[in-house]
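Survey of secondary and tertiary structure
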Amino acid sequence: MSKRVVPVVVVALALVAGGTWWWRDHQEDVDVCEVIRASVARRGDAPVGSGSQQVVVVGDSYAQGWGLHDQRRSWPTAMAREADATVHVDGFAGSGFTGSAFCGGEDFGTRADRLDLADGEVLVIQGGLNDVNADPDAIEAAAVAVVEQSGAAAVVGPPPAPQRDQALTVATDEALARAAEEAGVAYVSTIDWDDLSYLPDRLHLTPEGHVVFGTRVADALLDAGVLR
């Protein structure tokens, strides 16, 4: 069994890092969706942090902690510590505002619709790296719809991950900034965070990168009054 599992996880990591083109050509080799769902299940749904402020994060592989030995060390944990909050994490690798690369029904809008936010809970949507190949106008429209339908208080955009085309990432960041302004919510741009550390896939963050990312997001949301 172990001889089979290790290659599957390695291939799946390459798939999430490289995009859907590989998946379309090799979809009979490995069920990437099944691997991602199993990874989400292993992470579990227990919150991180123990502060009085209640936060919900809907995001992509960054929120999930894809590639980390302990997925619960993803950036929302650092945010919870910095902001003295309890954070419930709904992260799913390959997902974004405009769709989900590997699993149907896992785009941000669909997942946000499934949420049942309690009074006082703050919803933060994080993503963009899986939307870079979409038209910027489509990204903007999708993000506005997600924010307005979900009642999100803030959007966190994509960092300059080396594996992604930088011009496309910048265009995505700008589209999400426009969407947040149109929807009247805070936007945290991470496009200039060029000192983040990445795993060998040059897309996903190291544990240290997650700490920096989450701490900065918390500070930005505290400064914007989204968190208190």
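This text gives an overview of the structure that appears in the document. (Residues numbered from 1 in each chain as written. Predicted model: local features only at pLDDT ≥ 70, side-chain atom pairs only at ≥ 80, totals over all residues. Heavy atoms only, no water.)

Let's talk about the overall build of the protein
The line we're drawing: Under the scheme used here, helices are H or I runs from DSSP no shorter than 4 residues and strands are E runs no shorter than 2 residues, and both carry numbers assigned from the N terminus. Burial classification: accessible surface area is computed with a 1.4 Å probe over protein chains only, and a residue below 20% of its type maximum counts as buried, one above 50% as exposed, and the rest as partly exposed. Here, residues are in contact when the closest pair of their heavy atoms is within 4.5 Å. To be clear on the numbers: accessible area is Shrake-Rupley with a 1.4 Å probe, and residue cover counts the displayed protein chains and nothing else.
Secondary structure summary: the protein contains nine helices and five strands in total. The helix and strand sequence of the protein, counted from the amino end, reads α-α-α-β-α-α-β-α-β-α-β-α-β-α. Per-residue burial for the protein yields a buried fraction of 51% across its 228 residues. Taking all contacts inside the protein whose residues are at least 6 apart in sequence as the whole, residues at least 24 apart take part in 76%. Surface summary for the protein: the accessible area is close to 10300 Å², and the carbon and sulfur share equals 50%.

Some thoughts on the state of the cysteines
Condition: Cysteine sulfur atoms are paired as a disulfide whenever they fall within 2.5 Å.
If you walk through the whole model with that rule in mind, you get one disulfide. Residue Cys33 pairs covalently with Cys103 via a disulfide, S to S 2.2 Å. One disulfide, between Cys33 and Cys103, carries an S-S torsion of 130 degrees and so falls in the right-handed class. With Cys33 in helix α3 (residues 32-43) and Cys103 in the loop between β2 (85-91) and α6 (108-113), this pair connects stretches of sequence that are 70 residues apart. For Cys33, a relative accessible area of 13% translates into the label buried.

Regarding the packing of helix α5 (residues 75-83) against helix α9 (residues 207-223)
To describe two helices that pack against each other, one gives the angle between their axes and the distance between the axes. So the rule is basically this: Angular values range over 0 to 180 degrees, each being the angle between N-to-C directions of two axes fitted as lines to C-alpha atoms, with helices fitted over their stretch in contact. If an angle is under 35 degrees, it is roughly parallel; if it is over 145, roughly antiparallel; if it lies from 65 to 115, roughly perpendicular; otherwise it is oblique. Crossing handedness is defined as follows: a turn of the near helix away from the far one that is anticlockwise and smaller than a right angle gives a left-handed crossing, while the clockwise case is right-handed. Residues are sorted three ways: Asp, Glu, Lys and Arg are charged, Ala, Val, Leu, Ile, Met, Phe, Trp, Tyr, Cys and Pro are nonpolar, and all the rest, Gly among them, are polar.
Look at α5 against α9: their axes get within 7 Å of each other, and the N-to-C directions meet at 45 degrees. The orientation of α5 with respect to α9, classified from their angle, is oblique. Of the two elements, α5 crosses α9, and the hand of that crossing is right-handed. Residues Trp75, Ala78, Met79, Arg81, Glu82 and Ala83 of α5 lie in contact with α9, whose contacting residues are His210, Val211, Phe213, Gly214, Thr215, Val217, Ala218, Asp219, Leu221 and Leu222. Grouping the amino acids of the contact of α5 with α9 by side-chain chemistry returns 10 nonpolar, three polar and three charged.

Examining the environment of Pro162
Following the sequence through the fold, Pro162 ends up in the loop between β4 (154-156) and α8 (166-183). We classify Pro162 as partly exposed; its relative accessible area is 36%. Taking the C-alpha atoms as reference points, Pro162 and Asp201, 39 residues apart in sequence, are found 9.0 Å from one another. Setting aside residues up to four positions removed in sequence, Pro162 forms contacts with Tyr198 and Arg202.

Quick word on the pairing of β2
What counts, and what does not: Only strands joined by at least two bridges in the DSSP assignment are considered to pair.
In terms of burial, β2 is largely enclosed, as five of its seven residues are buried. The pairing of strand β1 (residues 53-59) with β2 spans seven bridges and is classified as parallel. If you follow Val56 over to β2, its bridge partner there is His88.

Quick notes on the nonpolar core
Across soluble globular proteins, you tend to see nonpolar side chains buried next to one another. Selection rule: The criterion is simple. A nonpolar core is a set of buried Ala, Val, Leu, Ile, Met, Phe, Trp, Tyr and Cys residues joined through side-chain atoms within 4.5 Å.
By size, the foremost hydrophobic cluster in this structure holds 31 residues, and its most contacted members are Val55, Met79, Val87, Phe213, Val217 and Leu221. Elements that contribute at least two residues to this core include exactly β1, α4 (61-64), α5, β2, β3 (122-126), β4, β5 (186-188) and α9. Excluding residues within four positions of it along the chain, Phe213 makes contact with Tyr62, Trp75, Val156, Gly157, Pro159, Thr190, Trp193, Leu196 and Leu205. Core analysis: the second largest hydrophobic core is formed by 19 residues, Ile125, Ala142, Leu176 and Ala179 among them.

As for the pattern of salt bridges
Heads up, the condition is: Salt-bridge detection follows one rule: a side-chain nitrogen of Lys or Arg within 4 Å of a carboxyl oxygen of Asp or Glu.
Applying the stated rule across the entire model yields six salt bridges. Among the salt bridges present, the one from Glu106 reaches Arg111, with a minimum N-O distance of 3.9 Å. Grouping residues by exposure puts Glu106 and Arg111 together as buried. The salt bridge partner of Asp195 is Arg216, with a shortest N-O separation of 2.7 Å.

Notes on the side chain of Arg43
We apply this condition: As used throughout, the charge tally considers Lys and Arg to be positive and Asp and Glu to be negative, leaving His and the chain termini uncounted.
Topologically, Arg43 is positioned in helix α3. Within the buried core, Arg43 has no salt-bridge partner, and the shortest N-O distance to an opposite charge, that of Asp70, equals 6.7 Å.

Some points on the environment of Ser189
We count it as follows: Throughout this description, a polar contact denotes any pair of N or O atoms lying within 3.5 Å of each other; where both atoms belong to protein, one of them has to be capable of donating a hydrogen while the other can accept it, and for residues adjacent in sequence the pair is counted only when both atoms sit in side chains.
Within the fold, Ser189 resides in the loop between β5 and α9. Between the alpha carbons of Ser189 and Leu176 there is a distance of 8.7 Å; along the sequence they are 13 residues apart. In terms of polar contacts, Ser189 uses its side chain to reach the side chain of Asp173, at 2.9 Å.

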